[in-house]
Amino acid sequence: MRVLMLLLLLPACHALASDTEQERVAAAKRYLEVAQMSRITDDTVTELAKSLPAEQRGKFLQFMREAVRPEVLERAALASMVKVFTTQEINALADFYGSPVGKSAMSKFGLYMADVMPVIQQEMLRAMQSLPAE
């Protein structure tokens, strides 16, 4: 009985043992190729610009496209993914975002971030302002 359980668990143990940092880095790089951080950033900035008066949008877009460094965001995302997720999880994300429905979802991610980010920021600010002074 114990031998049978060990045989059943062996594939799972192998999967865990083969989850190296090098494999996670490779998987995260594949994900970032599919996710296209620079496109997400540009989509988010474009959507945020829509909340500004028309005469300010062009300057805002130009400034943000020059000031925001997608490579910095990609490095941070890669490092965090390698630290937080397993190779299997990162590959699943890359598979999803590389699929037709995943690509469709990613094309809407900038709009989503532009919609939700002001609410997140406002709520965080509200919560921080209500901290008791100690």
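Residues numbered from 1 in each chain as written. Predicted model: local features only at pLDDT ≥ 70, side-chain atom pairs only at ≥ 80, totals over all residues. Heavy atoms only, no water.

What follows deals with the nonpolar core. One finds A28, Y31, L32, L78, M81, I90 and M106 to be the most contacted residues of the largest nonpolar core, which totals 15 residues. Look past the residues within four positions of L78 in its chain and what remains in contact with it is V25, A28, K29 and L32. (Core = buried A, V, L, I, M, F, W, Y, C linked by side-chain atoms within 4.5 Å. Buried < 20%, exposed > 50% of the residue type's maximum accessible area, 1.4 Å probe, protein only. Contact = heavy atoms within 4.5 Å.)

Here G58 lies in helix α4 (residues 54-67). C-alpha of G58 to C-alpha of T46: the two residues are 12 residues apart in sequence and 9.8 Å apart in space. (Helix = DSSP H or I, 4+ residues; strand = E, 2+ residues; numbered from the N terminus.)

Turning our eyes to something else, we now look at the confidence of the model for the protein. Overall, the predicted model of the protein reaches an average pLDDT of 87, with 87% of residues at or above 70. Confidence, expressed as mean pLDDT per element, reaches its minimum in the protein at helix α1 (residues 2-17) with 53 and its maximum at helix α6 (residues 87-98) with 96. (pLDDT = per-residue confidence, 0-100.)

Let us now look at the packing of aromatic side chains. What the rule picks out here adds up to 3 aromatic pairs. Ring centres of Y31 and Y97 lie 5.8 Å apart, and the angle between their planes is 70°; this geometry places the pair in the edge-to-face category. Note that Y31 is positioned in helix α2 (residues 21-35) and Y97 in helix α6, a separation of 66 residues in sequence. Given a relative accessible area of 14%, Y31 falls into the buried group. According to the relative accessible area criterion, Y97 is buried, its value standing at 17%. Here F109 and Y112 contribute two aromatic rings whose centre-to-centre distance is 5.4 Å and whose plane-to-plane angle is 50°, an arrangement assigned as tilted. Here F109 and its partner Y112 are both found in helix α8 (residues 109-129), 3 residues apart, which amounts to about one turn of the helix. Assessed through its relative accessible area of 29%, F109 is described here as partly exposed. On the basis of relative accessibility, which here comes to 46%, the residue Y112 falls in the partly exposed class. An aromatic cluster of at least three residues, connected via ring pairs, comprises Y31, F96 and Y97. (Phe/Tyr/Trp six-rings, centres within 6.5 Å; stacked < 30°, edge-to-face > 60°.)

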